[in-house]
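Remarks on the overall topology
Single-letter residue listing:
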Amino acid sequence: MPNENSSGSIRHRRGKNVAQRIDGLDAETGTPTAIDTPSAIDTPTAIGTPRTASPLNLAVQAALESRITIHPPIKRIKRRRWFISGIAFGVITAVSAILYVNPTQNTHINRMQEVLGDFDVSALLPDSLLSDDFVRDMTKLLALDRSTGPASRLTGEFEPAMTLEREGLRKKHNVVLVPGIISSGLESWSTANCSRPYFRQRLWGTSTMFKAILLDKECWVQHIMLDKQSGLDPPGIKLRAAQGLDAADYFITGYWIWGKAIENLAVLGYDSNDMTLASYDWRVSYYDLERRDQYFSRLQSRIELARRTGAKTVLVTHSMGSQVVQYFMKWVESAQGGHGGSRWVDEHIEAIINLAGSPLGVPKTLASLLSGEQRETVQPLASYLLDHFMNRKELARIFRSWTGLAALLPKGGSAVWGDLGGAPDDPVSNNTDVNTKVDMNNTLTDSDTCVSFGGQIRFDDSTSSLGNQTMDGALQVLFNALDANEQRLMHRDYSFGVFRTQAEMDAHKDDHRMWTNPLQHQLPNAPNMTIYCLYGHGAATERAYYYTSDHNANDTPSLKIDRTPRAHVRNVDIGIVNGEGDGTVPLLSLGYMCADAWRKPLFNPHGVRIVTREFRHSPLAVFKDIRGGAEAADHINILGNHDVTADVLRIVAGHGHKVQDQFSSNIREYAARINIP
């Protein structure tokens, strides 16, 4: 039955009835009637508690109501509620469009619903912004065909594995997945102070990370930073890599990383007994990974156990994981490491598959450490939160504390990345179809349409006395900007040069700093092993930067990216000089070692087989698949590329001999311009 206060028309009718009855007439028949007894009617008091009505009160109320016209209440909805309603409508419309065009995206939406379900929206927003009814109604509206349990984690595709299984492919080799930077979830094991609410919760990865940044930023920063003196955990803080396949299958619910690869491997018969994910704390240098977590010792034991019970191991790496495995191969051989000897790798490892590997580093790491600015150093959702809730000085302070991040600084210096006279991968002019020419000051002439990559950081506004810098110079600028502890740890852990002789290789073979740089160590004595380099290209990738002095900075970083528009230069956008790559790693780092250096005796004296396979980035329209679809080959989404996945499945199933070189970029031309023997 409707409440009296819920409708103006009901109240109006009741007013007429009461008035007629006070006049002594029945409301329906018009005949005289007695006034209701006091027990028959309860009237509300000012605070809403009922009291027994008296004839006088009824008479007064009826008289007033009979003279007042009561209209339906007008709902005054504030503009901001209309704005929020509009956003919600837009989201729902977009979701509906995706589902209409490609119903398989329903699983992605279900996962995002799980993420939204973890948030208490009403707790994050002021009471005046959203009503409880609005939040409840939107939650119901977003609950589209929501599934629960393990099945909700699956894409339901399992391709291309289903097709290959019908062709007879089955599992053969033990598989170890080695993720890249920021892919592994990090759990809190601290039990003091602000850590307690997050015990065994992931402060990197999952929605807990976003909640902590939004609601408990100071505590989150304390956990995510490393101690400047030791390069390890700060006092009272303990953050460790999550373990198992769940550690990096999804960054957050709905955003897969290794999830699709794991599903496809399962089709061939793999499970947790013969497929593992070697997660690690990517904030920590490789040297400290072993010192604190015994990471490489555990990896060695895992591979040796698999070898005693079956076939050799295939290591499948992504991004920074390729460097981790390079370091591991040198460490396991060394008497200062795993004591495996020169034949260990050949006896235990069948193949290494580098997916979007970064053996020569990433220029955007330089920008991240120098000024706290970057475009895709972190996963998209995390980048959005960091950019909007922390300024670049805070980001630089966090990045510089991560000793593991410096592993991704570019290696090879001017020999690989070019000098002020030009770079091996310089763009081609629209008009002349030759490399863009620059004058002795590395500045463009009027006829040029592209800028050379040889100047890694550039200044064209006269705000700095530094002048344009090559990669060697830029790294020195960064080193000078670090404090004494940061400089000490970087010098302890890394080397960024080039060896050109066997004597140099021999003299430094047990120096762990060289194990982080493929231009300063040799591949192992493993002639029966194959290294596969599978990567995408064709996506605009950060290659160099325009910088300017930050006049508002009282401390480091005193430089910032110069976002001045440069419409006359076609490969510059908001101060970032874009080149060819997979959207994160430039083509030189992706392909030079695989296409050239590792095919030379100096770097591969024992004849390890090298296979390079390139895949052009061909994403679908975003409304068809927000992750780009089966032919996307950018840095993260290559892990879901069907052709790449098919190659991985063939290799782990023992058909690696069928996987041969495949080139579609200019990497071999670029490599020929690099003067390294």
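In what follows, the structure referred to is the one given above.
Residues numbered from 1 in each chain as written. Predicted model: local features only at pLDDT ≥ 70, side-chain atom pairs only at ≥ 80, totals over all residues. Heavy atoms only, no water.

When you go through the chain residue by residue, the secondary structure sums to 24 helices and 18 strands. Here the chain holds 677 residues, and the buried ones make up 54% of them. Counting contacts in the chain only where the partners sit at least 6 residues apart, residues at least 24 apart contribute 74% of the total. On the chain, roughly 30600 Å² of surface is accessible, and the fraction owed to carbon and sulfur atoms is 53%. (Helix = DSSP H or I, 4+ residues; strand = E, 2+ residues; numbered from the N terminus. Buried < 20%, exposed > 50% of the residue type's maximum accessible area, 1.4 Å probe, protein only. Contact = heavy atoms within 4.5 Å. Areas by Shrake-Rupley, 256 points an atom, 1.4 Å probe, with all protein chains shown as cover.)

We now examine the packing of helix α15 (residues 363-371) against helix α17 (residues 392-401). Helix-helix packing is characterised by the crossing angle of the two axes and by the distance between the axes. Running from N to C, α15 and α17 cross one another at 115°; their axes reach a closest spacing of 7 Å. Overall, the two elements α15 and α17 adopt an arrangement that is roughly perpendicular. When α15 is examined against α17, the residues Ser368, Leu369, Leu370 and Ser371 are found in contact with a partner set consisting of Arg392, Ala396, Phe399 and Arg400. (Axes fitted to C-alpha atoms, helices over the stretch in contact; angles between N-to-C directions. Parallel < 35°, antiparallel > 145°, perpendicular 65-115°, else oblique.)

Glancing now at the sheet that holds strand β3 (residues 174-178). With parallel pairing, the six strands of this open sheet are ordered in space as β9-β3-β10-β11-β13-β18. Because the sheet does not close on itself, it has two edges, and the strands there are β9 (275-277) and β18 (609-616). Taken pair by pair, the neighbouring strands of this sheet meet at an average axis angle of 15°, ignoring direction. In this structure, β3 lies alongside strand β10 (residues 313-318), joined through five bridges in parallel fashion. Bridge pairing in β10 links Leu177 to Val316. Taken strand by strand, helix α23 (residues 642-652) contacts β3, β10, β11 (349-355), β13 (530-537) and β18, and its axis lies near 170° from that of β11. (Pairing = 2+ DSSP bridges.)

Looking now at the pattern of salt bridges. If you walk through the whole model with that rule in mind, you get 26 salt bridges. Arg240 is paired through a salt bridge with Asp233; the nearest N and O atoms lie 2.6 Å apart. Since its relative accessible area comes to 16%, Asp233 is described here as buried. In this structure, the salt-bridge partner of Asp288 is Arg291, at a minimum N-O distance of 2.8 Å. Of this pair, Asp288 and Arg291 both sit in helix α11 (residues 286-293), three residues apart, roughly one helical turn. For Asp288, a relative accessible area of 0% translates into the label buried. For Arg291, a relative accessible area of 42% gives the class partly exposed. (Salt bridge = Lys/Arg side-chain N within 4 Å of Asp/Glu carboxyl O.)

As for its placement among the helices and strands, Ser188 is situated in strand β4 (residues 186-188). Here Ser190 takes part through its backbone nitrogen, which lies 3.4 Å from a polar atom of the side chain of Ser188. In contact with Ser188, other than residues within four places in its own chain, are Ser195, Tyr198, Phe199, Arg200, Gln201, Leu203, His223, Lys238 and Leu239. (Polar contact = N/O pair within 3.5 Å; in protein donor to acceptor, adjacent residues only side chain to side chain.)

Before going further, it helps to examine the nonpolar core. Ranked by size, the top nonpolar core spans 154 residues in total, and within it Trp220 and Trp258 carry the most contacts. Phe453, Ala544, Val569 and Val577 belong to the second largest nonpolar core, which has eight residues in total. (Core = buried A, V, L, I, M, F, W, Y, C linked by side-chain atoms within 4.5 Å.)

For strand β17 (residues 576-581), the tally of buried residues reaches five of six residues, placing the bulk of the element in the interior. Relative to β17, strand β16 (residues 572-573) is paired through two bridges, and the arrangement is antiparallel. Within the sheet, the bridge partner assigned to Val572 lies in β17 and is Val577. Where β16 folds back onto β17 in an antiparallel hairpin, the turn is made up of two residues, including Ile574, whose phi is positive at roughly 45°.

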